[in-house]
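Chain by chain, the residues:
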Amino acid sequence: MAQARKRAATKPAQAVESDGSPAKRTRRKKDVAPSSRGLSADDLVTETLDANLEALTDAIHNDGGSVLSVYRDPLGGHPVLLAGLPVERVEPTPFQRNLSETHAKRLASVLEKVDVFLDPIIAVRRPNGHYWTPNGLHRLEAMKRLGGRALVALVLPDEHVAFQILALNTEKAHNLHEKSVEVIRMAQALVDAGTDRTERDFAFEFEEPALVTLGICYESHPRFSGSQYLGILRATCDFLDRPLHEALDVRRAHATRLVELDDRITEVVSALKARGFVSPYLKSFVVARCNPLRFRRGATLAFDDVVARMLDAAAEFDVEHVRPDQIARTAGPPLEEAA
């Protein structure tokens, strides 16, 4: 019996849906043999254009651009156009993170020194003759600042690639705030476009359900301490098998509760500061003390249950019994928040 209890205690916390049912688990993919997938180098060349590619080629020329070549990508064999596009025709997707002025200046400075543009952006054509790029915001801005007239782009005929922003955007690493804001903007854009697909259908684009909830929190509270609650969201939430607009209603309700909890936690932190405690880890300490999953590995609690317990714990938190050595042992906020 003791061994059975020990094994149970070492199981990781199981995610649950909002209704308390166990979340679906994904199986780990097996390793594949080297050079066993995709096309060979010779197979990438293609001179055959279907009606859609021909129409896209004509549209690029009519937009003032030029098609430099056509090839099939080496992994899935999908057609890609390598094209030159006028800078004024290219714009970032509207649900992208905000521009980093520091990164844009640094990138413009580097491009000016090397005097060559070597990193094509990814682009999809919009009906209005402009092009969305999900991964070229800072390169586009840098070229504009340098007075550039054209960009080299990999133009894909599939417009859905514009929503795969987290996977494609590698020019500047996302932090938690940026990821979350992009995800909620994408989700809202998809709802506004009338999608009837479920939230789970966008698991690849959204990366993880916690980002949807945190994105809503960040939109209304830009300085929200999202990383403090990331682990709780990961342990209690999974993608929902509901239409996206209904799933967003659930996430908004979660966000409201999370902001309420953060307000309560902040009050406790203020009380600790009033007692003379000075530490960057005060909020981490309070959150950990209030978290019912802290010492309950393997427990399955729904999001609402966890937040309700944490609200009660925060209301009963006795700051008079906190010792300096307890706070000193706190590991501090996750690296994403501190970065």
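Residues numbered from 1 in each chain as written. Predicted model: local features only at pLDDT ≥ 70, side-chain atom pairs only at ≥ 80, totals over all residues. Heavy atoms only, no water.

1. Some points on the overall build of the protein chain
Within the protein chain, the secondary structure is distributed over 14 helices and 6 strands. The buried share of the protein chain, taken over its 339 residues, is 43%. A sequence separation of at least 24 residues applies to 75% of the contacts in the protein chain between residues at least 6 apart. For the protein chain, the exposed area adds up to about 18,800 Å²; of that, 51% sits on carbon and sulfur atoms. (Helix = DSSP H or I, 4+ residues; strand = E, 2+ residues; numbered from the N terminus. Buried < 20%, exposed > 50% of the residue type's maximum accessible area, 1.4 Å probe, protein only. Contact = heavy atoms within 4.5 Å. Areas by Shrake-Rupley, 256 points an atom, 1.4 Å probe, with all protein chains shown as cover.)

2. Observations regarding the packing of aromatic side chains
Evaluated as defined, the whole model comprises 5 aromatic pairs. Ring centres of Phe202 and Phe206 lie 5.6 Å apart, and the angle between their planes is 25°; on these two criteria the pair is classed as stacked. Each member of the pair Phe202 and Phe206 is classed as buried. Put simply, the rings of Tyr218, Phe224 and Tyr229 pair up and form one aromatic cluster. Stacked on the ring of Trp132, the Lys or Arg Arg126 has its end atom at 3.7 Å from the ring centre. Note that Arg197 overlies the ring of Phe202, its terminal NZ or CZ placed 4.3 Å from the centroid. (Phe/Tyr/Trp six-rings, centres within 6.5 Å; stacked < 30°, edge-to-face > 60°. Lys NZ or Arg CZ within 6 Å of the ring centre and 35° of its normal.)

3. Some words on the nonpolar core
Ranked by size, the top nonpolar core spans 58 residues in total, and within it Phe206, Leu258, Ile265 and Val286 carry the most contacts. Listed by contribution, the elements that provide at least two residues to this core are α6 (176–192), α8 (209–220), α9 (227–236), α10 (244–274), α11 (282–290) and α12 (303–315). Ranked by residues supplied to this core, first place goes to α10 with 10 residues. Not counting residues up to four positions away in its chain, the partners in contact with Val286 are Ile265, Val268, Val269, Leu272 and Phe317. Judged by nonpolar contacts, the second largest core, of 22 residues, contains Val90, Leu107, Ala108 and Ala153. (Core = buried A, V, L, I, M, F, W, Y, C linked by side-chain atoms within 4.5 Å.)

4. Looking at the packing of α10 against α11
The geometry of α10 relative to α11 is characterised by a closest axis approach of 9 Å and an angle of 120° between their N-to-C directions. Viewed along their axes, α10 and α11 adopt a mutual orientation that is oblique. Seen along the crossing, α10 lies across α11 with a hand that is right-handed. Packed against α10, whose contacting residues are Asp262, Ile265, Thr266, Val268, Val269, Leu272 and Lys273, the element α11 presents Leu282, Lys283, Phe285, Val286, Val287 and Cys290 at the interface. (Axes fitted to C-alpha atoms, helices over the stretch in contact; angles between N-to-C directions. Parallel < 35°, antiparallel > 145°, perpendicular 65-115°, else oblique. Left-handed = near helix turned anticlockwise from the far one by under 90°.)

5. Details of the pairing of strand β4 (residues 121–125)
Extensive coverage of β4 is indicated by the burial of 4 of its 5 residues. Two elements, β4 and strand β6 (residues 150–155), share 3 bridges in a ladder whose sense is parallel. Residue pairing in the sheet places Ile121 in a bridge with Ala153 of β6. As judged from the 2 bridges shared by β4 and strand β5 (residues 131–133), these two strands associate in the antiparallel manner. Following the sheet pairing, Arg125 is matched in β5 by Tyr131. The hairpin turn running from β4 into β5, its antiparallel successor, is 5 residues long, and Gly129 in that turn takes a positive phi close to 85°. (Pairing = 2+ DSSP bridges.)

6. Digging into unusual backbone geometry
A positive phi angle, near 60°, is found at Asp115, a position not held by glycine. Looking at the secondary structure, you find Asp115 in the loop between α3 (101–114) and β4. What makes Asp115 exposed here is its relative accessible area of 68%. At Glu207, a residue that is not glycine, the phi angle is positive and equals roughly 75°. Tracing the backbone shows Glu207 in the loop between α7 (203–206) and α8. The exposure class assigned to Glu207 is partly exposed, which follows from its relative accessible area of 37%.

7. Quick notes on the sheet that holds β6
Taken together, 6 strands build an open sheet; the order of strands is β1-β2-β6-β4-β5-β3 and the sheet is mixed. Each edge of the open sheet carries a strand with a single partner, namely β1 (66–72) and β3 (90–92). Strand-to-strand twist across the sheet, computed as the mean angle between neighbouring axes with direction ignored, equals 35°. Of the strand pairs in this sheet, β1 and strand β2 (residues 79–86) are connected by 6 bridges, and their pairing is antiparallel. Counted as the bridge partner of Ser66 is Gly84 from β2. The strands touched by helix α4 (residues 137–145) are β3, β4 and β6; relative to β3, the strand with the most contacts, the crossing angle is about 135°.

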